[in-house]
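Residue-level listing of the chains:
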Amino acid sequence: MKRQRSNSIPYVLAAVALALASCNRLPIYNHYQHISLQGWQQDDSLHFVVPVEQAGSYQVMVNIRATSIYPYTQLTLDVHQNKPENYSERVCIDITDDKGNLKTGSNTFCDYSIPLHDVVATADADTIDIAIAHNMSRELLPGIADIGIVVERRSAD
């Protein structure tokens, strides 16, 4: 009986190469801060201090967990980076559709991720310091459960 030669070797090599390449994209920081569902005070900034061990370029993302009691279709956040450089950005994301249904996730809970500015270049043993506050018309904003920051290394300097 003659054995058929397998053509799976290129696929296995491609999968291994992809897995090795994606290792550089693992987050160096992934942290959430819980917010009372009763409301997030407008003047209550959330602070994230990210230790960075190696110089390089990093992608920063804001993650949001919202619930169905969120009263608006959009959420506007003011994001201020204090270190390693001063940088401010206002980001807006659609949370619900026109009927008030959450755009992602279940009917009671959803997750959103917003990429911020392209990269943050840091020096060895530096920190990335970020503050986030909501910029909505209500002083006490209900329905936001958590705000988080994810930082991924893009490249070495």
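Within every chain, residues take consecutive numbers counted from 1 along the sequence as written. Since the coordinates come from a predicted model, pLDDT governs what is reported: local features require at least 70, and pairs of side-chain atoms require 80 or more to be given and counted, while whole-chain, interface and lining totals use all residues. As a rule here, side-chain values come from all non-hydrogen atoms in the structure, and water together with hydrogens is ignored.

## Topic: the overall build of the protein chain
Here's step 1: The way it works is that DSSP assigns letters per residue, a run of H or I at least four long becomes a helix, a run of E at least two long becomes a strand, and they are numbered from the N terminus. Scanning the protein chain for helices and strands turns up one helix and 11 strands.
Here's step 2: When the helices and strands of the protein chain are placed in sequence order, the string is α-β-β-β-β-β-β-β-β-β-β-β.
Here's step 3: Accessible area is worked out with a 1.4 Å probe on protein chains only. A residue is then buried under 20% of its type maximum, exposed over 50%, and partly exposed in between. Looking at the 157 residues of the protein chain, the share that counts as buried comes to 38%.
Here's step 4: In this description, accessible areas are obtained by the Shrake-Rupley approach with a 1.4 Å probe, and a residue is regarded as covered only by the protein chains that are shown. Total accessible area computed for the protein chain in this model is approximately 9,500 Å², and 51% of it derives from carbon and sulfur atoms.

## Some points on the pattern of salt bridges
Here's step 1: For salt bridges, the criterion is a side-chain nitrogen of Lys or Arg within 4 Å of an Asp or Glu carboxyl oxygen. Counted according to the given criterion, the structure contains five salt bridges.
Here's step 2: Among the charged side chains, a salt-bridge network with shared partners connects Arg65, Asp111 and Asp146.

## Comments concerning the packing of aromatic side chains
Here's step 1: Stacked, edge-to-face and tilted are the three classes for Phe, Tyr and Trp ring pairs, Trp counted by its six-membered ring, which pair at centre distances within 6.5 Å; planes under 30 degrees apart are stacked, over 60 edge-to-face, the rest tilted. For the coordinates displayed, the defined rule picks out one aromatic pair.
Here's step 2: Taken together, a centroid distance of 6.0 Å and an interplanar angle of 70° make the contact between tyrosine 70 and tyrosine 72 edge-to-face.
Here's step 3: Assessed through its relative accessible area of 5%, tyrosine 70 is described here as buried.

## Brief notes about the confidence of the model for the protein chain
Here's step 1: In the predicted model, the protein chain carries a mean pLDDT of 82, and 78% of its residues have values of at least 70.
Here's step 2: On a scale of 0 to 100, pLDDT captures the predictor's confidence in every residue. By definition, residues are in contact when any of their heavy atoms lie within 4.5 Å. Overall, residues 17-23 carries pLDDT values under 50, and its contacts beyond four positions in sequence, including any with other chains, amount to zero contacts.

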